[in-house]
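# Observations on chain architecture
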Amino acid sequence: MPETSALSDLPVSTLKGVGPRLVERLAALHIHTVQDLLFHLPLRYQDRTRIAPIARVRLGQDVMLEAEIVQCDIEFGRRRSLVCRIKDSSGLISLRFFHFSAAQKNMLAAGRRIRCYGEVRSGKNGLELYHPEYQVLRDGEEPAVADTLTPIYPATEGLQQVRLRSLIDQALQLMQRPDALIDWLPADILRSFRFPSLPQALNYLHHPPANAAVHELLNGEHICQRRLAFEELLGHRLCLRRLRQQSAHQRAPVLSRTQGLREKFLARLPFSLTGAQQRVAAEIQQDLTLSEPMLRLLQGDVGSGKTIVAALAALQAVDSGYQAAIMAPTEILAEQHFLNFSQWLEPLGISVGWLSGKVKGRQRQGVMSGLADGSITIAVGTHALFQEEVRFNRLGLIIIDEQHRFGVHQRLALREKGNDGRTLPHQLVMTATPIPRTLAMSAYADLDCSIIDELPPGRTPVNTVVIANSRRDDVIARIHEACRSGSQAYWVCTLIEESEALQCQAAEATWQALQTALPDLAVGLVHGRMKPAEKSAVMDNFKSGALQLLVATTVIEVGVDVPNASLMIIENPERLGLAQLHQLRGRVGRGAKASHCLLLYQTPLSMQGKKRLGIMRDSTDGFYIAEQDLALRGPGQVLGTQQTGLMSFRIADLSRDAGLLDPVKSAADQIENAYPSHIAPLVDRWLGDRELYGNV
Ligand code: ADP
Ligand code: MG
């Protein structure tokens, strides 16, 4: 093993016992180097440092017990199980196994002593441990207890905890060598935040002492975790700044030759632009005529008319002899843009191409060659647009809708597509999630910001009602009435847990229940696990009016435009962020009819919950709602990655660490001024992709 290598250059294969198969499994966890192992932090910890008296254990605790087996029998209930009663000097408890072998039953014979570890649950015989880890002890045997908490790591198939632990321990050993892992946070910064050094923090997190504040650790609030999150956010911030500075030196195509396409387009529109649309369109128009690449965030509430502004920008590119690409995060949203753009621009002789994962074979070849030879001037699509094999002839402008779903990495990858060695395309990023200005500044340090703060005229504001789940029958009756009189309605099922599968199951159950309750209505279902083709078939049926009620998971949040839908029921709205509720609600109130949104909450509702739903009832202004949400919940929750998926980090979590954003900002200043040589290693450590960043 090379003596002096930095751990970031040392592949895991150099560790003892790591063969090709293990390398592969580690790669599945994004672990490639020894340094990656060090940053693979535990999800949680087990306390195996002490043996608990049985009488003291409480429901939900993870405990280690040592006791004598008094009885071991198979129970035949709804599910056959092996139940083992054990006792120590303080009391009795049961262990229950649903999967067991005859050998196991024999080992667990009465009179034997056992050491076991597991979570305390409530079972048939009072408190029980299900499937504990255990060890039958020989006479007089007294295994040592752990002297630190036992880490539980994110793992993957075929890679056991024990194995991971031993690899990480090897990495921790190697970390002790000089220069193996350099702490790039300068001492004065460490001191002013009372942060531990990097090796100290890592050692602690992999092996916290028995008396560690487990609660803090589990919440990610321990000073050692905060120190790492801080460093990661700092790495990102420095990277964004560097990009910004570099892009100021980059050349972009000057998109100035407007030969009347804009006027022709505007003349054909059945309405005129709002004042806010005119203002931001002018800001963008101005940016595009500069030889410095535009990096602009366009914020505007749902329905504020961002698409037209995007179309104007795209037109300017085409009018100057360049191509524009418009990308959206979901098939549904991208398709909607495609329809809009084709309808608006094809009459002007502009060819609009469509590319998504669904587009295959000859059709795909056609689009790809059109983009490559420049005969297609506007491309609309999903992530498919930035796949390796897609080539553009002269890409001058990239428009990304619903920015927060794409990370910085993806944004850069797309920008690289237009990098012909001399110029970089301009970039316009659109989001309907109103982000309070202060937060936007920290989170998008690399972007300028334009805001559409006015809705097109003639909208009837959505009337919002907060209603308890106990009145579900009334709500169903209301849907019936609305649909019978020609309206359409959405029923939105929210996330129960962080599992998409469960969410989809819940939506299916609701769909079935509603079909039974409303037999004379056509009820459709759309959720994230359906194939794109199935999804769009359902959406088409809803758009055409063939379906009257659409049960959906939060997938409809973005991009559905069905003006005839005037009623929306959101189930368990208390689970969602206000920004997301606001997005959802924006799907109704798009036509001339008065629209209603029913927030069907689960009782009992907390005070906080009541206040938040009250805000939704009383306002339809996305920025006001975001500000209120910010005041009630603090910046973390508002920027929460759950809600906005803003960026993805290895350790930091914007919803938890938002309080670090300001200190990170000043630390970034300090490093730029006093320690410029630390910038590159910090960016490298946390953002990695050297090639991508090297040539931006
Ligand atoms: P969003 O900002 O949510 O993307 P869209 O661009 O989809 O909003 O616009 C919502 C609807 O408002 C569309 O049907 C669009 O045609 C219409 N619209 C946009 N601008 C105006 C305007 N100035 N006057 C009237 N209707 C408009
Ligand atoms: Mg939109």
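Residues numbered from 1 in each chain as written. Chains lettered and ligands numbered in written order. Predicted model: local features only at pLDDT ≥ 70, side-chain atom pairs only at ≥ 80, totals over all residues. Heavy atoms only, no water.

## Thoughts on the sheet that holds strand β14 (residues 426-431)
One open sheet holds the seven strands; their spatial order is β11-β12-β10-β13-β14-β9-β15, and the pairing between them is parallel. Of all strands in the sheet, those with a lone pairing partner are β11 (352-355) and β15 (448-452), marking the two edges. Ignoring which end each strand starts from, the neighbouring axes of this sheet average 20 degrees apart. As defined by bridge partners, strand β10 (residues 323-327) adjoins strand β13 (residues 395-401) across five bridges and the pair is classed as parallel. Counted as the bridge partner of isoleucine 326 is isoleucine 399 from β13. Here helix α13 (residues 361-373) sits on the sheet in contact with β10, β11 and β12 (378-381), set at roughly 130 degrees to β11. (Pairing = 2+ DSSP bridges. Helix = DSSP H or I, 4+ residues; strand = E, 2+ residues; numbered from the N terminus. Axes fitted to C-alpha atoms, helices over the stretch in contact; angles between N-to-C directions. Contact = heavy atoms within 4.5 Å.)

## Concerning the packing of helix α9 (residues 261-268) against helix α11 (residues 306-319)
Between two packed helices, what matters for the description is the angle formed by their axes and the separation of those axes. Two elements in contact, α9 and α11, have axes whose closest approach is 9 Å; the angle formed by their N-to-C orientations is 150 degrees. Here α9 and α11 pass one another in a crossing that is right-handed. Where α9 abuts α11, its residues Leu261, Arg262, Phe265 and Leu266 lie against Ile308, Ala311, Leu312, Leu315, Gln316, Val318 and Asp319. Here the contact of α9 with α11 is composed, by residue class, of eight nonpolar, one polar and two charged. (Left-handed = near helix turned anticlockwise from the far one by under 90°. Nonpolar A, V, L, I, M, F, W, Y, C, P; charged D, E, K, R; others polar.)

## A few points about the site of ligand 1
Close to ligand 1 lie 16 residues; Gln277, Gly303, Lys306, Thr307 and Arg459 are nearest. Serine 272 is positioned with one of its backbone polar atoms (N or O) 2.9 Å from a nitrogen atom of ligand 1. Separating an oxygen atom of ligand 1 from a side-chain N or O atom of lysine 306 is a distance of 2.7 Å. Of the residues in the shell around ligand 1, the class split is four nonpolar, seven polar and five charged. (Near = heavy atom within 4 Å. Polar contact = N/O pair within 3.5 Å; in protein donor to acceptor, adjacent residues only side chain to side chain.)

## Topic: the nonpolar core
Counting 64 residues, the largest nonpolar core has Phe265, Phe341, Leu345, Ile378 and Ile399 as its most contacted members. Sorting elements by how many residues they give to this core places α11 first, with ten residues. If you look at the next biggest cluster of nonpolar residues, it comprises 60 residues, including Ile31, Ala180, Ile189 and Leu202. (Core = buried A, V, L, I, M, F, W, Y, C linked by side-chain atoms within 4.5 Å. Buried < 20%, exposed > 50% of the residue type's maximum accessible area, 1.4 Å probe, protein only.)

## Structural notes on the confidence of the model for the protein
Where the model shows low pLDDT, its predicted coordinates should not be examined in detail. Averaged over every residue, the pLDDT of the protein is 86; the share at 70 or more is 89%. Helix α22 (residues 641-644) is the least confidently modelled element of the protein, averaging 35 in pLDDT, while helix α6 (residues 198-206) averages 97, the highest of any element. Note on residues 635-647: pLDDT under 50 across the span, and 47 contacts to partners over four residues away in sequence or across chains. (pLDDT = per-residue confidence, 0-100.)

## Focus on helix α12 (residues 331-345)
End to end, α12 covers 20 Å across 15 residues, agreeing with the expected 21 Å (1.5 Å per residue, within 8%). Where burial is concerned, most of α12 is hidden: eleven out of the 15 residues are buried. Turning to α12, its buried residues number three or more, namely Glu331, Ile332, Leu333, Ala334, Gln336, His337, Phe338, Phe341, Ser342, Trp344 and Leu345. (Expected span 1.5 Å × (residues − 1).)

## Some details on the packing of aromatic side chains
A complete count under the given rule lists ten aromatic pairs for this structure. An angle of 75 degrees between the planes, with centres 5.6 Å apart, marks the rings of phenylalanine 97 and tyrosine 134 as edge-to-face. Taken as a pair, phenylalanine 97 in strand β4 (residues 92-97) and tyrosine 134 in strand β7 (residues 133-137) lie far apart in primary sequence, 37 residues in all. Here phenylalanine 341 and tryptophan 344 contribute two aromatic rings whose centre-to-centre distance is 6.2 Å and whose plane-to-plane angle is 50 degrees, an arrangement assigned as tilted. (Phe/Tyr/Trp six-rings, centres within 6.5 Å; stacked < 30°, edge-to-face > 60°.)

## Some details on the sheet that holds strand β16 (residues 463-468)
Strand order in the open sheet formed by six strands is β16-β21-β20-β17-β19-β18, and the pairing between neighbours is parallel. Of all strands in the sheet, those with a lone pairing partner are β16 and β18 (523-526), marking the two edges. The average angle at which neighbouring strand axes cross in this sheet is 20 degrees, direction not considered. In this fold helix α19 (residues 578-585) packs onto β16, β17 (488-492), β20 (565-571) and β21 (596-601), with an angle of close to 150 degrees to the strand it touches most, β20.

## Digging into the pattern of salt bridges
Taken as a whole and assessed by the stated rule, the structure comprises 23 salt bridges. Ionic pairing is found between glutamate 133 and arginine 48, a salt bridge with its closest N-O pair at 2.8 Å. One end of the pair, glutamate 133, is in strand β7; the other, arginine 48, is in the loop between β1 (44-46) and β2 (62-76), with 85 residues separating them in the sequence. When the shortest N-O distance is used, the salt bridge between arginine 241 and glutamate 672 registers 2.8 Å. Taken as a pair, arginine 241 in helix α8 (residues 223-249) and glutamate 672 in helix α24 (residues 661-674) lie far apart in primary sequence, 431 residues in all. The structure contains a network of salt bridges with shared partners spanning Glu66, Arg113, Arg115 and Glu142. (Salt bridge = Lys/Arg side-chain N within 4 Å of Asp/Glu carboxyl O.)

## Quick word on the side chain of threonine 150
As for its position among the elements, threonine 150 is in strand β8 (residues 150-152). The residues touching threonine 150, leaving out its near neighbours within four places in the chain, are Arg44, Tyr45, Gln46, Arg48 and Arg165.

## Focus on the environment of glycine 353
Inspection of the secondary structure assignment puts glycine 353 in strand β11. You can call glycine 353 buried: its relative accessible area is 5%. Separated by 15 residues in the primary sequence, glycine 353 and phenylalanine 338 have C-alpha atoms spaced 7.9 Å apart. Sequence-distant contacts of glycine 353, that is, excluding residues within four places in its chain, are made with Phe338, Ile376, Ile378, Ala379 and Val380.

## Notes on the pairing of β12
Along a regular strand, successive side chains alternate from one face of the sheet to the other. Side chains Ile378 and Val380 of β12 all project onto a buried face; the interleaved residues Ala379 and Gly381 project onto the opposite face, where all are buried too. Of the strand pairs in this sheet, β10 and β12 are connected by four bridges, and their pairing is parallel. Paired with alanine 325 across the strands is alanine 379, a residue of β12. When β11 meets β12, the two strands line up parallel, connected through four bridges.

## Notes on unusual backbone geometry
Omega for the bond connecting threonine 603 with proline 604 falls within 30 degrees of zero, at -10 degrees, which places this linkage in the cis form. Relative to the elements of secondary structure, proline 604 occurs in the loop between β21 and α20 (607-618). The phi dihedral of arginine 194 is positive, around 55 degrees, even though this residue is not glycine. Summarising the element assignment, arginine 194 is placed in the loop between α5 (187-193) and α6.

## What to know about the packing of α11 against α12
At a minimum axis separation of 11 Å, α11 and α12 run at an interaxial angle of 55 degrees. One finds that α11 runs oblique with respect to α12. Crossing geometry of α11 relative to α12 is assigned as right-handed. Residues Thr307, Ile308, Ala310, Ala311, Ala314 and Leu315 of α11 pack against His337, Asn340, Phe341, Trp344 and Leu345 of α12. Within the contact of α11 with α12, the residues separate by chemical class into eight nonpolar, three polar and no charged. (Parallel < 35°, antiparallel > 145°, perpendicular 65-115°, else oblique.)

## Details of the state of the cysteines
Under the criterion given, the structure shown has zero disulfides. A disulfide-free cysteine, cysteine 72 has its sulfur positioned 4.1 Å from the sulfur of cysteine 84, the nearest such atom. (Disulfide = S-S within 2.5 Å.)

## Notes on the side chain of threonine 494
Within the secondary structure layout, threonine 494 lies in the loop between β17 and α17 (500-517). Residue threonine 494 is classed as buried on the basis of its relative accessible area, which comes to 2%. Polar contacts involving the side chain of threonine 494 include one to the main-chain carbonyl oxygen of glutamate 571, which spans 2.9 Å. Only 3.4 Å separates the side chain of threonine 494 from the backbone oxygen of asparagine 572, close enough to count as a polar contact. Not counting the four nearest positions on each side in its chain, threonine 494 is found in contact with Gln503, Ile570, Glu571, Asn572, Arg575 and Leu576.

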